Amino acid sequence: WSYIAATFHVGEPAETAAAVNLLPPGVCNLLNPAAIYANNEISLGDVEIYGFDYDYTLAQYSNLLHSMIFNTARDILIEQFKYPEGLGKYDYIPGFAIRGLHYDVQKSLLMKIDAFHYVQLGTAYRGLKPVPDEEVIELYGGTQHIPLYQMSDFYGKGPSLKQFMDIFSLPEMTLLSSVIDYFITHGIEFDQVHLYKDISDAIRDVHVKGVMYKWIEKDLEQYILHGDEIYAVLNRLVNHKKKLFLITNSPFSFVDKGMKHMVGKNWRDLFDMVIVQADKPNFFTDRRKPFRKLDDKGSLQWDKINQLEKGKIYKEGNLFDFLRLTGWRGSKVLYFGDHLYSDLADLMLRHGWRTGAIVPELETEIRIINTEQYMHSLTWQQALTGLLERMQMYQDAESKQVLLEWMKERQEIRSLTKNLFNPQFGSIFRTFHNPTYFSRRLVRFSDIYMASISCLLNYDVNFTFYPRRTPLQHEAPLWMDQLCTGALQAGQRMGACSGP
């Protein structure tokens with residue numbers, strides 16, 4: 001034990017415990033924030049048609065927008081829903097919430113759930129304060145597990161749990177937590193269902209009544225990011241004879257102003273089809289709404305739509321008519337969107353299109369992963385986990401004490417690593433060791449994912465993306481051994497073949 005303890009620095013702080021020689025040289029520069037990552041093999045050479053969502057796909061917005069949404073919805077609650085005026089003292093808290101969290105309406109709990117339906121302890125919040133692990137376990141009947149029937153449905157809306165998958169939901173989660181915090185702090189009783197619905201309605205009003213659109217239109221320079229790069233992506237695809245289309249829930253005047261800002265006044269010349277106010281995800285599943293044409297000023301026309309013409313603007317409609325009128329089917333179509341449910345799920349599972357997820361958070365998370373602090377913490381955490389697994393059979397008093405110290409240190413490092421991403425909820429992709437529920441959906445509903453559409457500029461238009469072969473758990477113990485011995489044996493074979 002003294003040898004192991006000395007070798008692995010047991011009991012030292014995490015930042016010093018990870019010996020430098022545990023970290024392979026150059027490992028901190030492995031990941032590229034501008035790369036595209038593949039869940040499924042896909043060749044861009046086979047893709048003839050590129051489709052895009054607009055908000056948070058073609059148009060990336062600055063974080064200032066979240067504060068504006070929060071403040072406006074908060075004021076709607078006070079002025080229209082007659083909520084206490086004291087709520088006016090709450091401001092948006094950047095970095096409080098992360099995308100992919102679940103909210104248990106009946107229990108007023110905002111929490112992160114992993115791919116196996118377990119709540120990650122330490123990430124359950126009621127209002128702005130964490131709920132002790134013991135209370136969370138008690139609330140769910142002595143377990144961290146959320147049964148399937150309570151979990152959110154295909155679109156993230158369950159009987160008691162709602163999953164926040166939209167980037168626009170960050171201010172909604174923060175407002176929900178702020179209002180609950182106010183009520184709890186002031187000892188005000190409230191109905192959880194009514195509270196949740198009121199806040200959802202207030203947030204919806206900011207979008208539906210067009211308030212958000214007006215802010216962005218007034219100051220496109222301040223709100224929209226990466227405009228020049230979007231023009232470069234679209235222009236490059238058109239020059240390589242690719243067809244482009246746009247399907248968005250936003251109104252035409254808003255999209256028109258944003259695209260003129262990013263791409264230029266003739267942006268529509270790049271697109272074969274533009275569909276606005278599509279009402280996704282219903283657009284993908286409901287056959288009842290026919291397409292309607294808009295004129296150049298955005299006014300509705302009354303013609304029956306028998307064909308979708310290049311350069312024209314269409315409203316509403318449905319995917320079944322879209323497929324019938326265009327003939328664009330299967331894997332020759334690649335559609336990009338930021339919402340895994342509303343944009344991508346139906347297209348992949350029901351219609352066989354290829355899909356690309358835009359995950360802006362990926363850039364920040366990769367930059368954190370590339371830090372020396374993260375890599376040292378992760379390396380030492382893995383070393384401790386291996387020690388605990390191998391040495392747990394030693395049950396004498398001294399051994400038990402050492403094991404307890406290792407377990408405690410491992411937990412401290414896990415918390416430290418979580419806090420690097422977000423102090424409340426950690427990474428959107430991982431719990432301590434498992435993928436998050438968000439990650440599970442990302443893998444299921446997207447062939448490729450990236451931080452921004454502009455990442456396409458880093459690849460040839462015929463590039464093939466190959467997902468890395470990662471070990472299954474039953475393969476993992478031999479994974480590195482096989483790679484090393486395989487290389488050694490290959491070298492020996494080559495030496496034998498080159499002999500006399």
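Bear in mind that the values here come from a model prediction, so they are computed numbers and not experimental data. (Residues numbered from 1 in each chain as written. Predicted model: local features only at pLDDT ≥ 70, side-chain atom pairs only at ≥ 80, totals over all residues. Heavy atoms only, no water.)

Novice: Tell me about the sheet that holds strand E6 (residues 109–113), and please be specific about residues and values.
Specialist: Taken in spatial order, the five strands make up an open sheet running E8-E7-E6-E5-E9, and their pairing is antiparallel. Where the open sheet ends on each side, the last strands, each with one partner, are strand E8 (129–130) and strand E9 (161–163). As paired elements, strand E7 (residues 119–126) and E8 share two bridges and run antiparallel to each other. The partner of arginine 126 across the bridge, within E8, is lysine 129. (Pairing = 2+ DSSP bridges. Helix = DSSP H or I, 4+ residues; strand = E, 2+ residues; numbered from the N terminus.)

Novice: Can you explain the UniProt feature "active site" (unreviewed entry) in the chain? Please cite residues and give values.
Specialist: Those residues carrying the UniProt feature "active site" (unreviewed entry) are Asp53 and Asp55 in this numbering. By secondary structure assignment, the location of aspartate 53 is in the loop between strand E3 (49–52) and strand E4 (60–61). Accessibility expressed as a relative area gives 6% for aspartate 53, which makes it buried. Those residues in contact with aspartate 53 that lie beyond four places of it in its chain are Leu58, Leu246, Ile247, Thr248, Lys280, Tyr335, Phe336, Gly337, Asp338 and Asp343. (UniProt positions renumbered as here; feature names shortened; annotations may be inferred. Buried < 20%, exposed > 50% of the residue type's maximum accessible area, 1.4 Å probe, protein only. Contact = heavy atoms within 4.5 Å.)

Novice: Just give me the short version of the sheet that holds strand E17 (residues 448–450), but keep the residues and values in it.
Specialist: Whenever strands of a sheet pair, they do so through backbone hydrogen bonds, lying parallel or antiparallel. Reading across the sheet, the nine strands line up as E1-E17-E16-E15-E3-E11-E12-E14-E13 and stay open at both edges, with mixed pairing between neighbours. Taken across any chain shown, the strands that pair with only one partner, and hence form the sheet edges, are strand E1 (37–38) and strand E13 (291–294). Here three bridges tie strand E11 (residues 243–247) to strand E12 (residues 273–276), and the two strands are oriented parallel to one another. In the sheet register, isoleucine 247 faces E12, and the bridge partner there is isoleucine 275.

Novice: Could you give an account of the confidence of the model for the chain, naming the residues involved and the relevant values?
Specialist: Across the chain, the average pLDDT comes to 88, with 88% of residues at or above 70. Taken as a whole, residues 1–28 scores under 50 in pLDDT and shows 43 contacts with residues more than four places along the chain or in a different chain. Here residues 496–500 is modelled with pLDDT under 50, and outside its nearest four sequence neighbours on either side it reaches zero contacts, counting other chains as well. (pLDDT = per-residue confidence, 0-100.)

Novice: Got a sec to walk through a negative patch on the surface? Specific residues and values, please.
Specialist: Residues Asp219, Glu221, Asp228 and Glu229 make up a contiguous surface patch of negative charge. Structurally, glutamate 221 is set in helix H8 (residues 220–223). (Patch = residues over 30% accessible without salt bridge, like charges linked within 9 Å, V, L, I, M, F, W, Y side chains within 5 Å. Areas by Shrake-Rupley, 256 points an atom, 1.4 Å probe, with all protein chains shown as cover. Salt bridge = Lys/Arg side-chain N within 4 Å of Asp/Glu carboxyl O. Lys, Arg positive; Asp, Glu negative; His and termini not counted. Charge placed at Lys NZ, Arg CZ, Asp CG, Glu CD.)

Novice: Break down the UniProt feature "binding site: Mg(2+)" (unreviewed entry) in the chain for me, with residues and values.
Specialist: The sites that UniProt annotates as "binding site: Mg(2+)" (unreviewed entry) are Asp53 and Asp338. Their sequence span is 286 residues, while the largest C-alpha to C-alpha distance among them is just 7.7 Å; these annotated residues converge on one region. There is a polar contact of 2.8 Å between the side chain of aspartate 53 and the side chain of lysine 280. Here aspartate 338 lies in the loop between strand E15 (333–337) and helix H13 (340–351). When sequence neighbours within four positions are dropped, the list of residues in contact with aspartate 338 reads Asp53, Asp55, Tyr56, Thr57, Arg99, Asp166, Ile167, Asp343 and Ile358. (Polar contact = N/O pair within 3.5 Å; in protein donor to acceptor, adjacent residues only side chain to side chain.)

Novice: Go over helix H3 (residues 64–79), please, and point to the residues and values.
Specialist: Structurally, the α-helix is built with 3.6 residues per turn, so residues lying three or four positions apart point the same way. Between its first and last C-alpha, H3 extends 23 Å over 16 residues, near the 22 Å set by a 1.5 Å rise per residue. Within H3, burial applies to Leu65, His66, Ile69, Phe70, Thr72, Ala73, Arg74, Ile76, Leu77 and Ile78. Looking at the buried positions of H3, the neighbouring elements they touch are E4, helix H5 (169–185), helix H6 (192–208), helix H7 (211–218) and H8. (Expected span 1.5 Å × (residues − 1).)

Novice: Outline the pairing of E3, listing residues and values.
Specialist: Alternating positions in E3 separate into two faces, Ile49 and Gly51 on one and Tyr50 and Phe52 on the other, with burial throughout. Sheet topology places E3 next to E11; four bridges connect them, and they run parallel. Among the inter-strand pairings, glycine 51 is bridged to a residue of E11, identified as phenylalanine 245.

Novice: Requested: an account of the pairing of E6, with residues and values cited.
Specialist: For E6, the tally of buried residues reaches five of five residues, placing the bulk of the element in the interior. Neither face of E6 is exposed, since Leu109, Met111 and Ile113 on one face and Leu110 and Lys112 on the opposite face are all buried. Note: strand E5 (residues 102–104) against E6, three bridges, orientation antiparallel. Residue pairing for E6: aspartate 104 is matched across the bridge by leucine 109. When E6 meets E7, the two strands line up antiparallel, connected through three bridges. Note on E7: the bridge partner recorded for isoleucine 113 is valine 119. A loop of five residues connects E6 with E7, the two strands running antiparallel in sequence, and histidine 117 in this loop sits at a positive phi of about 70°.

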